[in-house]
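One letter stands for each residue in the lines below.
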Amino acid sequence: MKIRSLSIATALVMLGVVAVPTSAQAIAQSANRSGSPSSTAAAPAGCPAATPNPTTDNVTGYQLDSNVVGAGRWSYESIDGETVNLLQKGGSGAFAADEWAADTTKPEHAWFVKADGSIGTDWRPIAETYTVPDVADGKNVHITGSFTSPGGRFRVLLSHDGQSDAIGSPSAFTELFTSTGTSATFDLNVTAAAGDDILFADDGVSTWWVPGTLKATVTTQLSTPPAVVTAKPGPGAITAGDAVTLSSATDGACIAYTTDGSDPTTSSTAKTYAKPLAITADTDIKAVAISKTGAPSAVSDLPFVLNEPFRAFAGINQAGTTGLTAGVQWSRQDFDWGSIEPAKGQIDQAALAEYVRQFREAKAHGETILPVLAYTAGWAANRTGYTYDFHGTTYVYGPVISEQNGNFTRQLTTKDSSGKVIDTKQVQTSIGRTPPQDPKDFANFVKLAVDTLKPLGITYFQVWNEAYPGSGFWEGGMDQYMQDIQLPAAKVIHAAGVKLVYGGWICGAPLSEYIALLDKWNAWKTVDVYDMHYMPIGTMQTLYAAAQKRGIKNPSVWQTEIGFTTEDKFIADIYPRVFQWALSKGTKNLDQTKLIYFADWSPSDPAAFGYNRTIRSGSGLSTKGKTLVTLANLLRGTKAEVYSDFTTSPGLKPEMNEALSTANGFRLDGDRVVLAIDLKRQNQADIFEDQTTGDTIHLNFGNPTMTVTLRNVHDVKSLNRVDLFGNTTPLTWKSTGKNTIQVQVPIIDADPTVHDLNQTENEDVFYLSLQQG
């Protein structure tokens, strides 16, 4: 570095601000952020050694024992008037051994820098400087970091080596960044030349003894990196055994990859990609393209998760995009009309791009998002008035009188079946839940949603949510909903070759009314998934049978909202029943039946909405979340089928009536058997009566057991009792015939926490897990 004799304060006045764009690619290409000297990675056979772009930072890149100028090094200067001097080693007393000070005899006018990146100065400027190495000549230099201080000015400057030192020369410095205040972050890119200096200048601080801190990292790009590695099919859910092809758009680039989570540019486990990779288990592929010169691309993270029946069966509402609890597959999220189209025909491209980003990120983590197409955009809502009939009453909404805080004020007149006025009053209604003035506007929005999301692999679209008078989600009639929302949306969705999910029949309305509505509008075949919310699970069979009666061969029945309950064993009680019922239909359609729990998260605060009703509470899993993890782990498998070759004493069988005890059996991947047992306590004394034999069992006294006989099993390797939290107890079984075993299973849980949970909710839920050879 060339020490210049000039005043930075004077020079800064003469500088013009140069806008330097940031580069996401340069950020992704940054490697080895520790600041230690770059090392050549051990490359897998077939690929050249990856040579990461060198990086350094102002802490680890600074040598404490000497403050010398050097290419690729940091040095520190004090600036006094027009004199720039390297800081000299301070003595004992006022400054510790790890500090540099310009004048230790005058601490009131001192400048110092510590090896941890903290600096101190008064009104006089201090500069921390990085000198660009020769190998970076003409290459991109990426500068990132943050600065904090008690207050003052902070600037990032580029000083070109060999240019005029004259104070009056406008080319002496290029100002890349400036900030006034107590903190700043920066992310800059510049094309530098060998010997250029990047100065981080701090001045104007009044309390030098309170140090500021600079954390800066500089990455120098030595050669153009190849294009990043991509996968086909893209990351996300995949069928077991399917192959993944890796590629880079850069001709001749070698691809190195790992499957153990390590960095393929440095890991000893990295392999050279030669042929498509068969995915037989959840696999996180990390891959890098390496050019012939050794320049690496950014590392691509390509996670794949197996399509599995239970994963496809279960989901969670509002669950983010970076992976669902227990690895279940489905998440449900609003796709908001008003956010995307804030004015008629005016599409907010940034809002649309953010939705696309979220859906892509979710897919990369094995999630499939069910978009809910709703609600009415403010500009599109009916303002002139409308009328509908509902349960023998006519509702007449007049023109909008005023609108405020997302609500319309308008006059509502109700009339009886003879036309006699019952009441007239002013009401407030939600703008977003008001029917659209022109139904074509909603149909156009649906088309936009489908055109945007179908290319991302989204094949199911839910139309509205809980459309029903009084639900809080629809301020119109049901005929109006079918005519203006449901049927136009179905036409658009089916024209695009994707599927429509009904918008969740509300639990507060009779199921018979749902069936009658679809009958009235001849709408059964306009719906691909018959959906309801918070209904008893037995109603799923009722709706299934109603659809079959109307010519739907294998109807799909979902509950896209279920749960939101304080009952901690809800998932363990309900999900095995419905999963067994779904498998009993015998179809290979993994999307025929789903339960999507509402909701993912609530604060861990008893006063908060949703407390103790969600999968996650605060920063951890709730009790329901823990039971979901246990169940999902037990029911893992790329193939699942009903296992019915068992008997129990007391006698239990599959039940969709939630009030009854049940036993549900599953065979997974051909070699595992899982039984889910639920014993309901039938009176205050915790007594269970076997309806078959008349025998009674006290479920909370002594050491009660139940006898389980499993048939059509062979080469049994292990048999465990598993409680709600996944604690296992090995069991001893005996053979009672060919491919038949019998076992005595303890009913009371050994874990006191689980025991208390079962005791509190008056039922005992546990599992048997059998592994065959």
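Preceding this section is the structure that the text describes.
The following paragraphs examine the structure supplied in this document. Nothing here was measured: the structure is a model prediction, and the numbers come from that model.

Right, let's talk about the state of the cysteines for a bit. What the rule picks out here adds up to one disulfide. The disulfide bridge from Cys47 ends at Cys254, spanning 1.8 Å between sulfur atoms. Between Cys47 and Cys254 the sulfur-sulfur dihedral comes to about -80°; the bridge is accordingly left-handed. Taken as a pair, Cys47 in the loop between helix H2 (24-29) and strand E1 (55-57) and Cys254 in strand E18 (residues 254-258) lie far apart in primary sequence, 207 residues in all. Cys254 carries the same exposure label as Cys47, and that label is buried.

So, about the layout of surface pockets. One water molecule sets the probe size; rolling that probe over the atoms shows where empty space is left. A volume near 460 Å³ is recorded for the largest pocket. Looking at the lining of the largest pocket, the elements with two or more residues in it are helix H3 (309-313), helix H10 (570-583) and strand E38 (640-642). Looking at the lining of the largest pocket residue by residue, the classes come out as nine nonpolar, eight polar and three charged. Of the voids in this model, the second largest pocket is the one considered here, and its volume is about 390 Å³. Forming the boundary of the second largest pocket are 22 residues, of which Ala237, Asn307, Gln329, Thr368 and Gly457 lie nearest the centre. Going through the elements one at a time, strand E16 (236-238), helix H5 (349-364) and strand E25 (368-374) are the ones with two or more residues in the lining of the second largest pocket. Among the elements that make up the lining of the second largest pocket, the one with the highest residue count is H5 (three residues). Residue composition of the lining of the second largest pocket, by class: 12 nonpolar, seven polar and three charged.

With 107 residues, the main nonpolar core has Phe310, Phe335, Trp464, Tyr481, Trp505 and Tyr575 as its most contacted residues. In terms of residues, this core owes the most to one element, H10, which gives nine residues. Ignoring anything within four residues of it in the chain, the contact list for Tyr575 reads Phe310, Phe313, Ala314, Ile562, Phe570, Leu595, Tyr597 and Leu631. Core analysis: the next-biggest nonpolar cluster, separate from the first, contains 28 residues, Tyr62, Val113, Ile143 and Ala184 among them.

About the thresholds
- Residues numbered from 1 in each chain as written.
- Predicted model: local features only at pLDDT ≥ 70, side-chain atom pairs only at ≥ 80, totals over all residues.
- Heavy atoms only, no water.
- Disulfide = S-S within 2.5 Å.
- Helix = DSSP H or I, 4+ residues; strand = E, 2+ residues; numbered from the N terminus.
- Buried < 20%, exposed > 50% of the residue type's maximum accessible area, 1.4 Å probe, protein only.
- 1 Å grid on protein atoms, 1.4 Å probe; cavity = no way out; pocket = protein on both sides within 12 Å on 5 of 7 lines; lining within 4 Å.
- Points joined across faces, edges and corners; volume = space filled by probe spheres on them.
- Nonpolar A, V, L, I, M, F, W, Y, C, P; charged D, E, K, R; others polar.
- Core = buried A, V, L, I, M, F, W, Y, C linked by side-chain atoms within 4.5 Å.
- Contact = heavy atoms within 4.5 Å.

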